[in-house]
Amino acid sequence: MQTISIFVIAIRLRLWINARLKSHPMICLRMKLNWIFLLTLTLLVETVQPGHCRASQDVARTTTISLRQWAGQNDLTPVAGGKDGQFEFTNASTRLTFKTNSPLAEINGVRVWLCDPIIPLAGEPCVSSLDLRATIEPILVPQPAKVPATICLDPGHGGKDTGGVFGQFVEKQYTLPLAQELAGQLSAAGFRAILTRTKDTFVELEERPSFANRKKAGLFISLHFNMGAPGEARGVEVYCLTPAKSASTNDKGKIANTSPLPGNRQDAQNVLLAFELQKSLVKNLGAEDRGLRRARFEVLRSAKMPAVLIEGGFLSDSVEQKKIADPKYRNQMAAAIVRGVLAYQHMVKS
Ligand SMILES: [Zn+2]
């Protein structure tokens, strides 16, 4: 609409100039003014159009859809009284929270980083069809999938690769005992657990999902602990593979022109597994919710089964580092992961 108004104003201006110069003896002056007019028009369009449309073009690599319209079609009612650009939709089993110009949403109280921010178009908050298809709908309406029998656990780092180090706290020292504890608890719950490493050895990143593929595992769970500036961050994150041609969460909107990876074949199951694990970890550990996130981590790219990477807390946080070093806390974390896997299993059972 803004661009059309500029064209109308510009054309009126041109007609006015031509009318004034119709009888002017200096035709050259008239031509010069016409050129100035064309140049000004080009500059106006260049200045206004990108700012107005680029946001919608980036977000609408597929298309954008009015959230209100989508909610109406899915039996969700808007909740009145949202402030600071926040708005909610609910029904008996679901509560969704969004914020204008933000990719951070909440699905049933769990933080989820969308691939694209919610954008206002003609006053209507809009969501990308990519996020409906690859994030929101697979969580709200799980598709039937194979129930996993074998689960591949991937203790992050090992050997010469220490992972994050913060004083005496070394990441690889905690990922292996967590995986071993989790393997025991998964076996007790009826699953077969296999590990990409059982000792403090170095395993190449690409070998980890390859091992899971060779063993025909039904799920792949990579276990890590996080690092940041001291005291800056704490809490739990679960990552799954970024959908094709979309931005990873920590890339701040930078879109990688990435074609689908083998792991993208499981996009719907990846996000559901990540959601159920994030929900269970936050609920059962009382950990801060840093949200379900997207990344193209090497270990997630080539997995032929639903795959996630858990960042189970920050070694750089003075409270969380002590918890992570405590076997009792890691046992609770393993129990929370088992509950998340069971919830996922329940969801995909047809
Ligand atoms: Zn790590």
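Just so it is clear, the model here is predicted, and its values are computed rather than measured.

1. Focus: helix 4 (residues 129–140)
- Of the positions making up helix 4, those classed as buried are Leu130, Asp131, Leu132, Ala134, Thr135, Ile136, Pro138 and Ile139.
- Taken together, the buried residues of helix 4 touch strand 1 (64–66), helix 3 (67–73), strand 5 (104–107), strand 6 (110–113), strand 8 (124–128) and helix 7 (267–285).

2. Section: the sheet that holds strand 7 (residues 119–121)
- Spatially, 1-8-7 is the arrangement adopted by the three strands of the open sheet, whose pairing is antiparallel. In this open sheet, the two edge strands, each paired with only one partner strand, are strand 1 and strand 7. On average, each strand axis in the sheet is tilted by 50° relative to the strand beside it, whichever way the strands run.
- Where strand 7 meets strand 8, three bridges bridge the pair, whose relative direction is antiparallel. Each residue of the ladder has a partner; that of leucine 121, found in strand 8, is glutamate 124.
- Those strands touched by helix 4 are strand 1 and strand 8, and its axis lies near 55° from that of strand 8.

3. A short note on the confidence of the model for the chain
- A residue-level look at the chain finds 82% of positions with pLDDT of 70 or above and a mean pLDDT of 86.
- With pLDDT under 50 throughout, residues 1–11 is counted as low confidence; its partners more than four residues away or in other chains account for ten contacts.

4. Here's the deal with the packing of helix 4 against helix 7
- Where helix 4 meets helix 7, the axes come as close as 8 Å, and the angle between the chain directions of the two elements is 65°. For the pair helix 4 and helix 7, the crossing hand works out as right-handed. In this structure, helix 4 contributes Ala134, Thr135, Pro138 and Ile139 to the contact, and helix 7 contributes Asp267, Ala268, Val271, Leu272 and Phe275.
- In terms of residue class, the contact of helix 4 with helix 7 is built from seven nonpolar, one polar and one charged.

Definitions and cut-offs
Residues numbered from 1 in each chain as written. Predicted model: local features only at pLDDT ≥ 70, side-chain atom pairs only at ≥ 80, totals over all residues. Buried ≥ 20, exposed ≤ 12 C-beta atoms within 10 Å, placed from the backbone. Helix = DSSP H or I, 4+ residues; strand = E, 2+ residues; numbered from the N terminus. Contact = placed C-beta atoms within 7 Å. Pairing = 2+ DSSP bridges. Axes fitted to C-alpha atoms, helices over the stretch in contact; angles between N-to-C directions. pLDDT = per-residue confidence, 0-100. Left-handed = near helix turned anticlockwise from the far one by under 90°. Nonpolar A, V, L, I, M, F, W, Y, C, P; charged D, E, K, R; others polar.

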